[in-house]
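For reference, the chains in residue letters:
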Amino acid sequence: MSLILASASPRRQELLRLITEDFLVHNSNIDESLVPGLSPADAVLLLARRKALAVQQECPRDAVIGADTVVAIDGFILGKPRDNADAALMLRQLSGRTHEVFTGVCLALPAPGMENAFVSRAQVTFAPLGEDEILSYVASGEPADKAGAYGIQGLGARFIERINGDYYTVMGLPVCGLYHLMREQGLL
Ligand SMILES: Cc1cn([C@H]2C[C@H](O)[C@@H](COP(=O)(O)OP(=O)(O)OP(=O)(O)O)O2)c(=O)[nH]c1=O
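Remember, it's a predicted structure, so these values are computed and weren't measured experimentally.

1. A closer look at the UniProt feature "active site" (unreviewed entry) in the protein chain
As annotated in UniProt, the feature "active site" (unreviewed entry) corresponds to Asp68 in the numbering used here. Summarising the element assignment, aspartate 68 is placed in strand β3 (residues 63-73). Excluding residues within four positions of it along the chain, aspartate 68 makes contact with Val44, Leu47, Ala48, Lys51, Thr103 and Gly104.

Okay, structure coming up:
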């Protein structure tokens, strides 16, 4: 049995390496569009599960990890921005306020129906951002592939006053939660 990370995200690969070096990477290529009306926690669980199960269909003898991250504020779910204008809108919404980041993780095991999933939530407080800061951050390109249009691990760090929760949940993979789940399941 191999361990497979169902993700194209280089950040998730880097974070899984904090738990184990012994894994392969397969992109799941699933449709990430969401049914409207889902709570952020249900949305990330659904997508994490879809990613893990899509890869497990191809590799039924392996254990597969899928994950998904969204930002939630004012009852809205912010995924990855569509374009630069959308990224700037998201950053204006986050400016000077506290939002939540949800990361769902699904570990699909080879026995039929054996799946373990959990959601990790963190609160992140942004400093007030000037329009010039927003535009130059968007121009850096960093927001483009990130939920909520920022990366806590990159230039986005400048804007973050406070976090309550697991830093790695914000980055896209809750390392402590996944490590403990993998130990419980006898994978480590
Ligand atoms: C909020 C935040 C998000 N992100 C990233 C984590 C995720 O990669 C991305 C959210 O998109 P996801 O759809 O969760 O992940 P992905 O498309 O990058 O990778 P895959 O589906 O193949 O696993 O945003 C950061 O890197 N830093 C942050 O601070």
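From this point on, the discussion continues.
2. Side note on the site of the ligand
For the ligand, the set of nearby residues contains 26 residues, the closest of which are Ser7, Ala8, Ser9, Ile152 and Gly172. Put simply, the parts of the chain that give the shell around the ligand at least two residues each are α1 (10-16), β3 and α5 (167-171). With four residues, β3 is the largest single contributor of residues to the shell around the ligand. The residue inventory of the shell around the ligand, partitioned by class, reads nine nonpolar, nine polar and eight charged.

3. Notes on the UniProt feature "site: Important for substrate specificity" (unreviewed entry) in the protein chain
The UniProt record marks Arg11, Thr69 and Gln153 with the feature "site: Important for substrate specificity" (unreviewed entry), using the residue numbering of this structure. Position of threonine 69 relative to the elements: it lies in strand β3. Judged by local crowding, threonine 69 falls into the buried class, with 28 C-beta atoms found within 10 Å. Not counting residues up to four positions away in its chain, the partners in contact with threonine 69 are Val44, Val101, Phe102, Thr103, Ala147 and Gly172. The topology assignment puts glutamine 153 in the loop between α4 (131-139) and β7 (160-164).

4. What about the environment of histidine 26?
Of note, histidine 26 is situated in the loop between β2 (24-25) and α2 (40-58). Once residues within four sequence positions are removed from consideration, histidine 26 is found in contact with Ile4, Ala6 and Val55.

5. Let's talk about the pairing of β3
Within a regular strand, the side chains alternate between the two sheet faces. β3 sits mainly inside the fold: 10 of its 11 residues count as buried. Two strands pair when backbone bridges link them, and strand β1 (residues 3-5) and β3 are joined in this way by three bridges, in the parallel orientation. Residue pairing across strands places leucine 5 opposite isoleucine 65, the latter belonging to β3. Both β3 and strand β5 (residues 98-108) contribute to a ladder of nine bridges, which runs antiparallel. Residue pairing in the sheet places threonine 69 in a bridge with threonine 103 of β5. Pairing between β3 and strand β4 (residues 76-78): three bridges, direction antiparallel. Residue pairing in the sheet places alanine 72 in a bridge with isoleucine 77 of β4.

6. A closer look at unusual backbone geometry
With the exception of glycine, most residues fall at negative phi, and the peptide bonds are largely trans. A positive phi angle, close to 55°, is found at asparagine 29, a residue other than glycine. Looking at the secondary structure, you find asparagine 29 in the loop between β2 and α2. At alanine 149, a residue that is not glycine, the phi angle is positive and equals roughly 70°. Turning to its location among the elements, alanine 149 is positioned in the loop between α4 and β7.

7. Overview of the environment of glycine 75
Note that glycine 75 resides in the loop between β3 and β4. According to the C-beta neighbour criterion, glycine 75 is exposed, with 7 such atoms within 10 Å. Sequence spacing of glycine 75 and glycine 37 is 38 residues, and the spatial spacing of their C-alpha atoms is 9.8 Å.

8. What about α2?
Taking 1.5 Å of rise per residue, the 19 residues of α2 would be expected to cover 27 Å, and the 28 Å separating its terminal C-alpha atoms lies within 8% of that figure. Listed in full, the buried residues belonging to α2 are Pro40, Ala43, Val44, Leu45, Leu47, Ala48, Lys51, Ala52, Val55 and Gln56.

9. So, the nonpolar core
Grouped together as the largest cluster of nonpolar side chains are 48 residues, with contacts concentrated most on Val44, Ala48, Ala52, Val64, Ile65, Val70 and Leu91. Dropping the residues within four chain positions of it, valine 64 is found in contact with Ile4, Ala6, Ala52, Val55, Gln56, Cys59 and Ala108.

Calculation rules
- Residues numbered from 1 in each chain as written.
- Predicted model: local features only at pLDDT ≥ 70, side-chain atom pairs only at ≥ 80, totals over all residues.
- UniProt positions renumbered as here; feature names shortened; annotations may be inferred.
- Helix = DSSP H or I, 4+ residues; strand = E, 2+ residues; numbered from the N terminus.
- Contact = placed C-beta atoms within 7 Å.
- Near = placed C-beta within 6 Å.
- Nonpolar A, V, L, I, M, F, W, Y, C, P; charged D, E, K, R; others polar.
- Buried ≥ 20, exposed ≤ 12 C-beta atoms within 10 Å, placed from the backbone.
- Pairing = 2+ DSSP bridges.
- Expected span 1.5 Å × (residues − 1).
- Core = buried A, V, L, I, M, F, W, Y, C linked by C-beta atoms within 7 Å.

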